[in-house]
Amino acid sequence: MSNALQNVEYPRHRMTIAGKRGLLMRSLAFRPNPDAIPGESLRGLAARAMVRNGFPSLTKCLRFADISVGTPVRLPLLPVEFAGRIAYVLKVPEEEVRSRMYANVKGADTAGDYIDFFGLRVRLRYLENSRRRISPRAMVISAHHRASYDLRVFSFCPETMERLIDTCPVCHKALGWKTTRGVAFCEHCADADGQSLVDLRDFKQPFIEVEDPTGLRLLTNLASPDVTLREMAVRLCDPVLRDMGASNIFELALTLIRALSTPPAALPAHISRLVSSDDFAIFEPAVLARSGRILMSWRRGFDEVAETIRGLSAERRAYSGLFKELGALQAATVQARLPIGVREILRSEVRRNMESTAHDTFAPRNKAWRRSDLVDSETVVSMLATTSRKVAKLAKSGLVTVYRTPARKYTVLFLKSEVEAIYAVRSDMIEGTKAARWVGVPLGALEALADAGRIARVVGPALALVNGRVFYRNSSVGQFVSQIRESAQCGDIPEGSRSFDATLRSLPAGERPWVAIFDAIASGVVPVIERGSKGPLFSRLLVDSARLQCVIEAGKKHVEEDDQQTLSYREAALFLRTSDPTVSWLVAAGLLQSIGNHDRRITKAAIFRFNEEYMFTTETADRLGIAPREVRRYLQSNGIEPVCALRAGVRFVWRRSDV
């Protein structure tokens with residue numbers, strides 16, 4: 001409406017509405033009694049004025065004010081330019097009408113539709129337009145419609161704490177604004193003279209009950225039409241929030257409630273919407289009271305909300321990150337319809353909460369919010385210089401601590417300290433056969449040294465990253481080699497010395513007392529001389545064969561004292577200087593006896609008996625001084641046949657007495 005029209009004196013204004021065109025605007029005969037009440041809604045004020053003047057229809061109020069747009073339901077949402085006309089018709093000061101009109105509020109800090117509710121900026125969708133809600137007990141105190149009843153977030157009267165009603169308890173029809181017989185009466189239940197038959201004040205409703213009435217009162221005061229109550233509520237809020245103002249604090253409280261009520265199965269960036277009246281059922285008094293208490297102790301309250309939402313993270317669709325962990329709480333930080341002030345405080349609190357819980361939560365997070373002592377699979381691959389497949393194997397091994405989301409796709413996180421420990425071990429490990437070649441002894445000898453603590457066997461999660469069964473700490477093997485080399489003598493080769501390998505080959509097959517042998521060499525009981533610097537260590541050693549044989553015999557007597565000790569197939573293979581499958585084939589052929597149906601154990605006595613009676617092709621070749629491939633032809637030429645061929649015509653076993 002133009003400025004010229006606004007300045008027209010309403011008694012001289014000519015009507016333009018159909019049916020009254022050209023007539024002068026007239027006010028009602030009687031003004032409302034009492035006058036406009038603080039906190040009263042505009043529709044309630046108009047209803048009182050129209051009823052006192054005998055007009056049950058609020059539509060006439062619009063017609064009398066020469067307003068052809070809108071309906072009585074939309075009366076407070078009409079352009080504020082109409083305030084003067086409405087005030088003239090109702091015979092009330094224009095400021096009383098203007099202050100009760102909900103003008104649109106548009107700002108650069110939000111994309112939502114907001115209105116001015118008595119100086120408080122609230123969302124338009126919070127406004128109840130279709131139904132008239134009242135509190136019967138409040139009507140007894142004063143029969144006027146409180147503006148706070150227009151806010152759908154409150155299902156009760158902030159003044160009496162009574163549940164509101166919006167339907168007639170007698171006819172069960174919805175209470176509205178098009179027709180009025182007084183705000184305290186049902187407009188549907190009327191006699192022939194148009195007088196209401198139902199006084200709603202007779203149907204008192206139950207009071208609401210909450211454990212924290214202080215928190216609830218704070219929230220209702222934030223949205224009160226009374227500026228004094230709003231300022232008091234702001235002062236009760238946490239100092240962190242006070243500078244935001246009542247509008248943003250109120251919106252923040254409702255946003256937290258929406259975040260808490262969002263189902264975990266919703267889309268990651270989704271937060272509960274408020275469209276229908278049923279959607280506002282989430283604003284139960286107890287929930288509002290909790291939200292009010294959060295405003296009074298903001299940091300602690302926000303953390304409690306975050307932990308509540310975080311506890312449902314397993315049910316969310318996201319795999320990791322902020323939306324997975326904080327769901328709708330994170331979604332609220334990107335809602336364009338929320339004021340910037342609300343979004344900024346939520347972002348800062350999300351950041352603070354994520355940082356403060358970095359070492360308290362095990363939920364997998366993106367790198368920006370992750371615990372500093374956790375690393376993901378990609379980082380582990382880089383740290384250990386391995387493949388992603390082996391890292392996945394490590395995660396499933398159960399040998400390391402891992403954290404993952406319970407979803408089909410998940411982020412696997414490892415403790416950085418454990419990964420660094422694995423790296424330290426992996427950098428100092430050597431495969432068993434390589435170590436045996438370096439030292440120049442059978443793998444079984446190294447196993448005996450490891451059992452005796454002379455060298456360190458690799459155990460733990462590092463084994464999940466390598467192929468092979470036996471690994472040793474490279475530093476411990478190197479220390480053992482240095483110890484043997486330090487004990488080696490220099491000078492001429494004494495009489496009766498033979499190479500270490502030749503001395504062992506001259507002895508029957510059987511368990512060697514490796515620990516006793518090595519201790520004797522290291523202590524100088526068996527003198528050794530090192531020849532050259534290339535090749536395996538013990539292949540370069542010359543030993544006093546007589547003394548070495550004495551040490552071996554003494555060690556064998558000690559071993560034979562415990563000939564009933566049981567060994568696994570692998571341990572038996574080390575004794576026999578053969579492979580694990582060969583032991584299985586010997587048992588199947590009946591040449592080696594095992595005990596138990598499922599234990600798969602062999603006694604040392606059974607191994608000794610086998611060694612006394614049988615021998616393999618390799619030992620036979622050593623005894624005869626020929627190549628292993630020539631053994632069969634040579635023995636058959638002398639009329640000696642193998643006892644059996646263990647597998648596919650190979651792996652022959654010979655009777656020791658025949659050879």
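Structural data are supplied above this passage.
So, here is what we can say about the structure in this document. (Residues numbered from 1 in each chain as written. Predicted model: local features only at pLDDT ≥ 70, side-chain atom pairs only at ≥ 80, totals over all residues. Heavy atoms only, no water.)

### As for the packing of helix H16 (residues 377-384) against helix H18 (residues 416-426)
- Running from N to C, H16 and H18 point in directions that differ by 25°, and their axes come no closer than 10 Å. Judged by the inter-axis angle, H16 sits roughly parallel to H18. In terms of crossing hand, the pair formed by H16 and H18 is right-handed. Together, Val380, Met383 and Leu384 of H16 and Val419, Glu420, Ile422, Tyr423 and Arg426 of H18 make up the contact between the two elements.
- Taken together, the residues of the contact of H16 with H18 sort by class into six nonpolar, no polar and two charged. (Axes fitted to C-alpha atoms, helices over the stretch in contact; angles between N-to-C directions. Helix = DSSP H or I, 4+ residues; strand = E, 2+ residues; numbered from the N terminus. Parallel < 35°, antiparallel > 145°, perpendicular 65-115°, else oblique. Left-handed = near helix turned anticlockwise from the far one by under 90°. Contact = heavy atoms within 4.5 Å. Nonpolar A, V, L, I, M, F, W, Y, C, P; charged D, E, K, R; others polar.)

### A few points about the packing of aromatic side chains
- Enumeration over the complete set of coordinates arrives at 15 aromatic pairs.
- Pairing Tyr102 with Phe117 gives two aromatic rings, centres 5.4 Å apart and planes at 35°, and the pair type is tilted. Taken as a pair, Tyr102 in the loop between helix H5 (94-98) and strand S1 (104-105) and Phe117 in strand S2 (residues 114-117) lie far apart in primary sequence, 15 residues in all. By the burial criterion, Tyr102 is buried, and Phe117 matches it.
- Taken together, Phe480, Trp514, Phe518 and Phe538 form an aromatic cluster joined through their ring pairs. (Phe/Tyr/Trp six-rings, centres within 6.5 Å; stacked < 30°, edge-to-face > 60°. Buried < 20%, exposed > 50% of the residue type's maximum accessible area, 1.4 Å probe, protein only.)

### Quick notes on the sheet that holds strand S3 (residues 120-123)
- The sheet built from three strands is open, its strands ordered S1-S2-S3 with antiparallel pairing. Two strands close off the open sheet at either side, each with one partner strand: S1 and S3.
- Sheet topology note: the S1/S2 ladder contains two bridges and is antiparallel. The residue of S2 that forms the bridge with Asn104 is Ile115.
- Running over the sheet, helix H10 (residues 245-261) touches S2 and S3 and is turned about 30° from S3. (Pairing = 2+ DSSP bridges.)

### Brief notes about helix H20 (residues 443-451)
- Within the span of H20, buried status applies to Gly444, Ala445, Leu446, Glu447, Leu449 and Ala450.
- Phi turns positive, to about 85°, at Gly453, one or two residues after H20.

### Observations regarding the nonpolar core
- Counting residues in each nonpolar core, the largest one holds 60 residues, and the members touching the most others are Val153, Leu222, Phe250, Leu288, Leu295 and Leu329.
- Considering each element in turn, this core owes the most residues, nine residues, to H10.
- Every residue in contact with Leu288, bar those within four places of it in the chain, is listed here: Val153, Phe154, Phe156, Gly215, Leu216, Leu219, Leu254, Ile257 and Phe283.
- The next biggest cluster of nonpolar side chains, apart from the first, holds 42 residues, and it includes Ala36, Leu45, Leu62 and Phe82. (Core = buried A, V, L, I, M, F, W, Y, C linked by side-chain atoms within 4.5 Å.)

### Describing helix H23 (residues 514-523)
- Within H23 the residues assigned to the buried category are Trp514, Val515, Ile517, Phe518, Ala520 and Ile521.
- One or two positions beyond H23, positive phi appears at Gly524, with a value near 90°.

### A short note on the pattern of salt bridges
- Inspection of every chain in the model, using the stated rule, returns 26 salt bridges.
- Notably, a salt bridge pairs Asp451 with Arg457, separated by 2.9 Å at the nearest N-O pair.
- Residue Asp451 is classed as exposed on the basis of its relative accessible area, which comes to 62%.
- With its nearest N and O atoms 2.6 Å apart, the salt bridge here joins Glu530 to Arg540. With a gap of ten residues between them, Glu530 in strand S10 (residues 528-530) and Arg540 in the loop between S10 and strand S11 (541-544) connect regions that are remote in the sequence. (Salt bridge = Lys/Arg side-chain N within 4 Å of Asp/Glu carboxyl O.)

### Focus on the sheet that holds S11
- Spatially, S9-S11-S10 is the arrangement adopted by the three strands of the open sheet, whose pairing is antiparallel. Bordering the open sheet on either side are strand S9 (497-499) and S10, each of which pairs with just one other strand. Sheet twist, expressed as the average angle between the axes of neighbouring strands with direction ignored, equals 30°.
- Relative to S11, S10 runs antiparallel, the two sharing three bridges. Along S11, the bridge assignment pairs Val528 with Val543.

### Comments concerning the side chain of Arg146
- Residue placement: Arg146 occurs in the loop between helix H6 (136-141) and helix H7 (213-222).
- In this structure the side chain of Arg146 is engaged in a polar contact, spanning 2.7 Å, whose partner is the backbone oxygen of Ser142.
- Side-chain polar atoms of Arg146 contact the backbone oxygen of His144, separated by 2.8 Å.
- The contacts of Arg146, once residues within four sequence positions are left out, are Gly39, Ser41, Ala138, Met139, Ile141 and Glu159. (Polar contact = N/O pair within 3.5 Å; in protein donor to acceptor, adjacent residues only side chain to side chain.)

### Remarks on the state of the cysteines
- Going through the model one piece at a time under the given rule, you end up with zero disulfides.
- Here Cys189 is not disulfide-linked; the sulfur of Cys171 is the nearest cysteine sulfur, at 3.6 Å. (Disulfide = S-S within 2.5 Å.)

### Observations regarding unusual backbone geometry
- A cis amide bond, omega 0°, links Asn33 with the succeeding residue Pro34.
- Positive phi is not limited to glycine here, since Phe118 has a value of about 55°.
- Residue placement: Phe118 occurs in the loop between S2 and S3.
- Under the relative-accessibility criterion, Phe118 is labelled buried at 13%.
- Positive phi, normally seen in glycine, also occurs at Ala385, with a value near 55°.

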